4 protein chains.
Amino acid sequence: MRSGLEEGYRNVGRRARDIGIMIGRLPPGPSNSLVDVPGVRVGQVTLIEGEGPLRPGQGPVRTGVTVILPHAGNVFRDKVVAAARVVNGYGKSVGLAQISKLGSIESPIALTNTLNVGLVMDALVEYTLRQNPELGLSVPGSVNVVVGECNDSYLNDIRGRHVKAQHVERALSVASADQVEEGAVGAGTGTSCFEFKGGIGTASRLVVSESGGYTVGVLVLSNFGRRADLLVDGVPVGRELAAVEPEAGEAGGSIVMVLGTDAPLSSRQLGRVASRCTVGLARTGSVVGHSSGDFVLAFGPTLTQVAATAEEAMDVERSGHIDSLFRAAAECTEEAILNSMLMAETTIGRDGHVREALPLDRLAETMRRHGRQVQL
Amino acid sequence: MRSGLEEGYRNVGRRARDIGIMIGRLPPGPSNSLVDVPGVRVGQVTLIEGEGPLRPGQGPVRTGVTVILPHAGNVFRDKVVAAARVVNGYGKSVGLAQISKLGSIESPIALTNTLNVGLVMDALVEYTLRQNPELGLSVPGSVNVVVGECNDSYLNDIRGRHVKAQHVERALSVASADQVEEGAVGAGTGTSCFEFKGGIGTASRLVVSESGGYTVGVLVLSNFGRRADLLVDGVPVGRELAAVEPEAGEAGGSIVMVLGTDAPLSSRQLGRVASRCTVGLARTGSVVGHSSGDFVLAFGPTLTQVAATAEEAMDVERSGHIDSLFRAAAECTEEAILNSMLMAETTIGRDGHVREALPLDRLAETMRRHGRQVQL
Amino acid sequence: MRSGLEEGYRNVGRRARDIGIMIGRLPPGPSNSLVDVPGVRVGQVTLIEGEGPLRPGQGPVRTGVTVILPHAGNVFRDKVVAAARVVNGYGKSVGLAQISKLGSIESPIALTNTLNVGLVMDALVEYTLRQNPELGLSVPGSVNVVVGECNDSYLNDIRGRHVKAQHVERALSVASADQVEEGAVGAGTGTSCFEFKGGIGTASRLVVSESGGYTVGVLVLSNFGRRADLLVDGVPVGRELAAVEPEAGEAGGSIVMVLGTDAPLSSRQLGRVASRCTVGLARTGSVVGHSSGDFVLAFGPTLTQVAATAEEAMDVERSGHIDSLFRAAAECTEEAILNSMLMAETTIGRDGHVREALPLDRLAETMRRHGRQVQL
Amino acid sequence: MRSGLEEGYRNVGRRARDIGIMIGRLPPGPSNSLVDVPGVRVGQVTLIEGEGPLRPGQGPVRTGVTVILPHAGNVFRDKVVAAARVVNGYGKSVGLAQISKLGSIESPIALTNTLNVGLVMDALVEYTLRQNPELGLSVPGSVNVVVGECNDSYLNDIRGRHVKAQHVERALSVASADQVEEGAVGAGTGTSCFEFKGGIGTASRLVVSESGGYTVGVLVLSNFGRRADLLVDGVPVGRELAAVEPEAGEAGGSIVMVLGTDAPLSSRQLGRVASRCTVGLARTGSVVGHSSGDFVLAFGPTLTQVAATAEEAMDVERSGHIDSLFRAAAECTEEAILNSMLMAETTIGRDGHVREALPLDRLAETMRRHGRQVQL
């Protein structure tokens, strides 16, 4: 077992922006990641164990858990404005109905593999109970926890549900506002993207409007797409790569996009921002496949903060400045997906299944042939 | 620990129809319950343990699990048409996004207490994996399980999450098409309804149309309402009872309504039928409270059966005969909620909290004063 | 042609409350109508012309238009918070998509007959253009007008689309905060309810919470239901009346429910309140029929007012006091529907079609037999 | 006044494919337009009158109407499966609620300018009444007509509502399955796209699956986007053009996407296909702006045909072949939007406002610099 904490930040690949792939026109935040949104913390636990043939329930294990804490306090007591969007509902995420109705999130958000959702859900309940000893004593006691998932069964012994309560606890306890580890880590340890190795990716954007300056950050768990469809900043990289390297069999997949912002939006407005993540997703080449569970989970400041500045939110929408937030959501998502691939290392999983890392040299070559400046 | 199997059918109370409360105008099926829908089976495990002061994690335990199997075969392989409706989304049910998008259910439906959803979800995943050894080997492997919940923390040590995988397995294994046990059993062991004891209730209706004869059945897990609001077949019973017995403190609550039918409807059509459960709910006196998680989960025949008879479904809607199915949904729900109360026995839970059974004699007296014929 | 202004208030029937039918437990406002909500005005034009056989395009005419102005100012410039709910979408209301996305209304709301929606829509556009000369000059210029409808073709020459721009203008110009005329007036001139004469009805409720005192008002255009289904405060009046007077043929129908309030809710919260109108509808006996276009259109204070008091709205929901607003919506709707029938006079329309007024004496007799105190 | 019929097919510009811009990987149908879907007909009336300063109500007129007939028969009697998607609801389209609930369309679809929706709606009602003399005689009589809109007020005297019933009638009567006229015609006469001239565009794709061969066609009315955002097959053309020619002031806008197919899908499945139009939209550079009314209206075969082949529809989804239809929707939309610009001629409207045609030479030059083969 390996965790982000134990290993520190592993700069295996190169982030899109570091090699000259500049998505969109808005500037990124300091770390170009979800933790640029003030107060947000991310924690991950990566589970890698065994190799060789799949022995269901035993391994090999290529999975993990990624948690996002919307702020540094007690989220159950100080709930945050939230919205959810089901882009394609072939997925098992939990917690969405209450987000949609009440417009708030009251727990950390966890991402994991598809069959592990129940156990991770239970671990988040346990976490919330521990943090809130009065919950369930003073009647009524309930908490709506939020879990997203992707199916990593191409590389991972998914039947084994190897993510246990202790791993969720650990991810929560190591969560920090430091640079987010990307690629084949956490919930992204065993996922695939455009038939290359995918995983966790993130990006952020700074928006300046008359009403103030805001940060939008997105973290994705990528696990979708057919190789030939991959677009990198509009360049049909997948088409050219697929000509050389044939498609690698099974595709399917899913993506969970977690958006955070400090813009004091209502849940209705935040939902509008969230739905623009689809724009970024589309621009990477996805057609939002049938069997893909594509979800957006979005959160903003606390309910109290948003209520205190409701006139600002009204102005942001009335003036049309909300368009900059829409743009930020689209740009962050597109770049986060690219980062999830660019930062992922080649991974060999169960039954010797291999997901190659996106070949940087061929990528660069293709980009240059299409008039783009890419430096490795 | 006590289960439906071990104790057999406990006719503690009286069903609405048995004392002359006739809801609506359609005839009920043979057992006037969800299992009148061909192939449907229900299994319940009731957990009652300890008494006295609440020791979180220890007890007292007043909870359980209720499972519904849409047909006798392998539901994962032979999926059923389905629809879901969120009447009020202050709830933690899982599985809804995929039902809404794909229009099908591929697992048994389980009902339990709010904080136990994660563990029960995991148990349903385990059940499906066991039944389908190829799942997750041939990539991709996933299953969308369905769990509904109510908060039983007034009577139960809800923090303890006492429903374990073994209880879900047992409920699945004892499931049968025999008369459904009602009242303070299964997931309804610790729930309240209009501040009386509530729980599991069920009813069915037979619909005859030009296109054929159909059965609609509903099973509810009731846990909502303030005493003064209770309506029994339109009679303001709650108002009169509240005058005598003051309201019992905390209300809150939720209801899960599970509707099954053999009418070969598309998921769009089934969703329209499902939304009429709200009509029955409203007629018992609910105003669908803020903190109430009110959900409808509906299923029909298998996808294959429905596709084979799609012209029939078109006719049922075009002719307006679908109105009879709407009526059946409303009547079943209203009667099922009444049954959940009428069949429930007084229950003493944690910290000596008491939920009285609805007093039959006073009910009868009130009904008679309002011109209704009720015999005990 | 006959308008509310020309004829004054016609107290043809008796309002529910005046004869002792008390719906629910909350107190009504001063006029027990939608205009109890501060600033709201209602205007109606009633079109009655000709009799005898239907000559499509000529008459007989039994139709009209009812307009609701959310406040006394320019609604386009000072938009109000809004929400819409489609209870059953077999209807032709316009304006809902923008209400749902932006959470606001920027025009008066008009109600009319089904085939007249286009012309009435255009008349509202014309009205808004006249009030806002800059609209469409300074680019871009658009307005989202809101029109609801019911099908009055049983009594009215609906093909004739007899409601013209001049009638809409007149309704807008006569709109006032005086007592709302009910029954067979305005858009309700030719509609039916439970196969009796229906039409326009209204009611209001006062809600007191820690956060303040609020008014909720509802105005309905009723046009739905089968006779045998009619419930009056829970009493199965329809069943007893249907035994004496057989059902009158065609049912079908629709209902538009317009809810207004001065509670400073967000559009999400207002939408939750709006959806409780279904509770009131269900309690009158509707099963929300297949061919019924059942819509709720809800509005609150101006966007500016709501933004200025956003913390109050947060408290109303967090404390659960929003439940009182839910209750108010349900009670108002139930009573407004009853008023639409009780105040309507027997109407003879095209081809000698007759819609009898609900017979007050039989109603009273039935109510008394069910233990209710009704005085005529 | 000028209509497509009178002037014949005006090949002003060049279609994307004709100059070597090949969107996606699926083959287009014979005419690469919506009319490749068997039975579909399109009719347009273009209104161009006057020039110089805007005299509201007088002109200059730069607007029109485009109608789509789903099949050659009586659509009211033989309804087609349908679905609608609101991508961004800042728009005034009518007819969506009933499409969503009943899953069918029963009238032609008309597109026009924003303030003309009421009159065009009424004209479609009149058309349906004329075609169906029994409608409204045999009670009940209603029809749900469908109208989409864009705001052409930058070039057109939109306050004048110059599209009259006679123009809609004419568009319906000239509708044919011949090559669809594109660019500044019909409802697109006065619209803008990425601050260039936009309008009507169309494209189609052929899909072959195990279950059979299907055609998907899309027709768009384009009116959205800021110049700098324009992407042409992934190439940031707008960014380069914006550097040379500054942005032309007001943007705003909307898009209506009409999708037709002969694939025998249920309305749920068709809705899934429809939502992939957003993918194509995103790839042209839209971030789905705040003030943009972005809608998809989709239709398939008649209800009767779809019911007769429901097993085929089940297979298409179960096998994942529905992904090809998703891809077709995305590709058609992207190409249709490009066609709407490439085929549009420079238009001078009210107050001398000019919308330049997309400069083909600069486009070609930019594309070539990005490694694409474009021939003029």
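Keep in mind that this is a model prediction, so the values were computed, not measured. Every chain is numbered on its own, with residues counted from 1 as its sequence reads. Each chain is given a letter, starting from A, and each ligand a number, starting from 1, according to the order in which they appear as written. With pLDDT at 70 or above as the cut-off, local features in this predicted model cover only qualifying residues; side-chain atom pairs require 80 or more to be listed or tallied, and sums for whole chains, interfaces and linings still use all residues. Heavy atoms from the whole structure form the basis of all side-chain values; hydrogens and water molecules are not counted.

Draft legend 1. Region of the structure containing the overall build of chain A. Comment: elements are numbered from the N terminus, with helices defined as DSSP H or I runs of at least four residues and strands as E runs of at least two. On a plain count of helices and strands, chain A comes out with eleven helices and 15 strands. Expected size for 376 residues packed as a compact globule is a radius of gyration near 21 Å; at 19 Å, chain A falls within 12% of this value. The dimensions of chain A, computed from C-alpha atoms along their principal axes, are 60 × 50 × 35 Å. Here chain A holds 376 residues, and 70% of them are scored as buried. Long-range contacts, defined here as pairs at least 24 residues apart, represent 80% of the contacts in chain A between residues at least 6 apart. Residue burial considers only the protein chains on display, and all accessible areas are found by Shrake-Rupley using a 1.4 Å probe. Roughly 10,400 Å² of accessible area belongs to chain A as shown, and the carbon and sulfur atoms make up 50% of that amount. In this tally, Lys and Arg are treated as positive and Asp and Glu as negative; His is ignored, and so are the chain termini. To locate a charge, take NZ of a lysine, CZ of an arginine, CG of an aspartate or CD of a glutamate. Taken together, the 36 basic and 41 acidic charged side chains of chain A have centroids lying 3 Å from each other. A radius of gyration in this sense is built from C-alpha atoms; the matching globule rule multiplies 2.2 Å by the number of residues raised to 0.38. Working definition: with a 1.4 Å probe on protein chains only, accessible area under 20% of the residue-type maximum means buried, over 50% means exposed, and in between means partly exposed. By the convention used here, residues are in contact when the closest approach between their heavy atoms is within 4.5 Å.

Draft legend 2. Structural detail: helix H10 (residues 322-342) of chain C. Given a helix with a known number of residues, its expected span is that number minus one, times 1.5 Å. If you check H10(C), its first and last C-alpha atoms are 30 Å apart, about what 21 residues at 1.5 Å a residue would give, namely 30 Å. Most of H10(C) is tucked away: 19 of the 21 residues are buried.

Draft legend 3. Inspection of the interface of chain B and chain D at higher detail. Counting residues at the interface gives 16 residues for chain B, matched by 16 residues for chain D. Defined in terms of a 1.4 Å probe, buried area is the accessible area two parts forfeit on being brought together, summed over both. Here chain B packs against chain D, burying approximately 1,300 Å² in sum over the two surfaces, 57% of which is carbon and sulfur. Considering only the surface of chain B that becomes buried against chain D, Lys101(B), Arg268(B) and Ala307(B) emerge as the three largest contributors, covering 32% of it. Those elements giving two or more residues to the side of chain B that touches chain D turn out to be helix H2 (96-102), helix H6 (267-275), helix H8 (303-308) and helix H9 (310-318) of chain B. A total of five residues in the side of chain B that touches chain D trace back to one element, the largest contributor, which is H9(B).

Draft legend 4. Geometry of the packing of aromatic side chains. Planes of paired rings set the category: under 30 degrees apart is stacked, over 60 is edge-to-face and the rest tilted, where pairs are Phe, Tyr or Trp rings (Trp by its six-membered ring) whose centres lie within 6.5 Å. Under the defined criterion, the tally for this structure stands at four aromatic pairs over all chains. Aromatic side chains Phe194(B) and Phe224(B) sit 5.0 Å apart centroid to centroid with 70 degrees between the ring planes, which places their arrangement in the edge-to-face category. Of this pair, Phe194(B) sits in the loop between strand E8 (192-193) and strand E9 (196-197) while Phe224(B) sits in strand E11 (residues 212-224); the two residues are 30 residues apart in sequence, bridging distant segments of the chain. Look at Phe194(B) and you get buried, because its relative accessible area is 0%. Note on geometry: a ring has a charge over it if NZ (lysine) or CZ (arginine) is within 6 Å of the ring centre and within 35 degrees of the ring normal. In this structure, Arg227(C) packs its charged tip against the face of Phe196(C), placed 4.1 Å from the ring centre.

Draft legend 5. Structural context of the environment of Ala16(B). All names here are of chain B. Here Ala16 shows up in the loop between helix H1 (4-7) and strand E2 (41-49). Spatially, the C-alpha atoms of Ala16 and Met343 are 8.8 Å apart, while their sequence positions differ by 327 residues. When residues no more than four places from it in sequence are discounted, the contact partners of Ala16 are Ile21, Glu335, Leu338, Asn339 and Leu342.

Draft legend 6. Here's a closer look at the interface of chain D and chain C. Every contact between the two is made by 48 residues of chain D and, on the other side, 47 residues of chain C. Between chain D and chain C, roughly 3,800 Å² of surface is buried when both sides are summed, and carbon and sulfur atoms account for 58% of that area. Between Lys or Arg on one side and Asp or Glu on the other, a salt bridge is scored when a side-chain nitrogen of the former is within 4 Å of a carboxyl oxygen of the latter. Viewed at the interface, chain C and chain D are joined by four salt bridges. Of the charged contacts in the structure, one is a salt bridge between Glu126(D) and Arg161(C), with a shortest N-O distance of 2.0 Å. Here a polar contact is taken to be a pair of N or O atoms separated by no more than 3.5 Å, where protein atoms must pair a possible hydrogen donor with a possible acceptor and residues adjacent in sequence count only if both atoms sit in side chains. Inspection of the region where chain D meets chain C yields 24 residue pairs in polar contact (both at pLDDT 80 or more).

Draft legend 7. Looking closely at the relation of the copies chain D and chain C. Mapping chain D onto chain C leaves a residual RMSD of 0.0 Å; the transformation is a rotation of 180 degrees accompanied by 0.0 Å of translation along its axis. Viewed as a symmetry operation, the transformation between the two copies matches a two-fold axis. When each C-alpha of chain D is compared by its distance to the rotation axis, Gly118(D) comes out closest, at 2.1 Å. Taken as a fraction of all interface residues of chain D, those also at the interface in chain C reach 98%, which identifies the copy contact as same-surface. For this overlay, a least-squares fit was computed on C-alpha atoms, restricted to residues scoring pLDDT of at least 70 in both copies.

Draft legend 8. View of the sheet that holds strand E12 (residues 253-261) of chain A. Residue and element names in this part refer to chain A. If you walk across this open sheet you meet the six strands as E5-E4-E13-E12-E11-E10, and the pairing is mixed. Of all the strands in the sheet, just strand E5 (104-105) and strand E10 (200-209) have a single pairing partner and so form its edges. When E10 meets strand E11 (residues 212-224), the two strands line up antiparallel, connected through ten bridges. Residue Gly201 lies in a different strand from E11, and its bridge partner there is Val220. DSSP bridges decide pairing: two strands pair if at least two such bridges lie between them.

Draft legend 9. Just the packing of helix H3 (residues 117-131) of chain A against helix H3 (residues 117-131) of chain B, in detail. All axes here are fitted lines through C-alpha atoms, helices being fitted over the stretch that makes contact, and every angle between N-to-C directions spans 0 to 180 degrees. Closest axis-to-axis distance for the H3(A)/H3(B) pair is 7 Å, and the angle between their directions is 165 degrees. When the interaxial angle is binned, H3(A) and H3(B) end up roughly antiparallel. For the pair H3(A) and H3(B), the sense of crossing is left-handed. Contacts between H3(A) and H3(B) involve Val117(A), Gly118(A), Leu119(A), Met121(A) and Asp122(A) on the former and, on the latter, Val117(B), Gly118(B), Leu119(B), Met121(B) and Asp122(B). Residue polarity follows a fixed list, in which Ala, Val, Leu, Ile, Met, Phe, Trp, Tyr, Cys and Pro are nonpolar, Asp, Glu, Lys and Arg are charged, and the others, Gly among them, are polar. Of the residues contributing to the contact of H3(A) with H3(B), the split by class is six nonpolar, two polar and two charged. Orientation labels follow simple angle bins: below 35 degrees gives roughly parallel, above 145 gives roughly antiparallel, 65 to 115 gives roughly perpendicular, and whatever is left gives oblique. Should the near helix be turned counterclockwise from the far one by less than a right angle, the crossing is left-handed, whereas a clockwise turn marks it as right-handed.

Draft legend 10. Seen up close, the confidence of the model for chain A. Considering every residue of chain A, the mean pLDDT works out to 92; 93% of them sit at 70 or more. Among the prediction metrics, the complex's ipTM stands at 0.94, with pTM recorded as 0.95. Known as pLDDT, the predictor's per-residue confidence is scaled from 0 to 100.

Draft legend 11. Seen up close, the pattern of salt bridges. In total, this model carries 66 salt bridges over all chains according to the counting rule given. Taking the shortest distance from any N to any O, the salt bridge between Asp233(C) and Arg372(C) comes out at 3.1 Å. Taken together, the residues span a long stretch of sequence, with Asp233(C) in the loop between strand E11 (212-224) and helix H5 (237-244) and Arg372(C) in the segment after helix H11 (360-369) at a distance of 139 residues. Classification of Asp233(C) by relative accessible area gives buried; the value is 16%. Residue Glu169(D) is joined to Arg130(D) by a salt bridge in which the shortest nitrogen-to-oxygen separation is 3.8 Å. One end of the pair, Glu169(D), is in helix H4 (residues 165-174); the other, Arg130(D), is in helix H3 (residues 117-131), and 39 residues separate them in sequence. With relative accessibility at 35%, the residue Glu169(D) sits in the partly exposed group. A relative accessible area of 47% places Arg130(D) in the partly exposed class. The structure contains a network of salt bridges with shared partners spanning Asp122(A), Glu126(A), Arg130(A), Glu169(A) and Arg161(B).

Draft legend 12. Representation of the environment of Leu376(B) within the structure. Residue and element names in this part refer to chain B. Along the chain, the position of Leu376 falls in the segment after helix H11 (360-369). Between the C-alpha atom of Leu376 and that of Asp122, which follows or precedes it by 254 residues, the distance is 44 Å. If we ignore the near neighbours within four places in the chain, the residues touching Leu376 are Arg14, Ile19, Leu360, Asp361 and Ala364.

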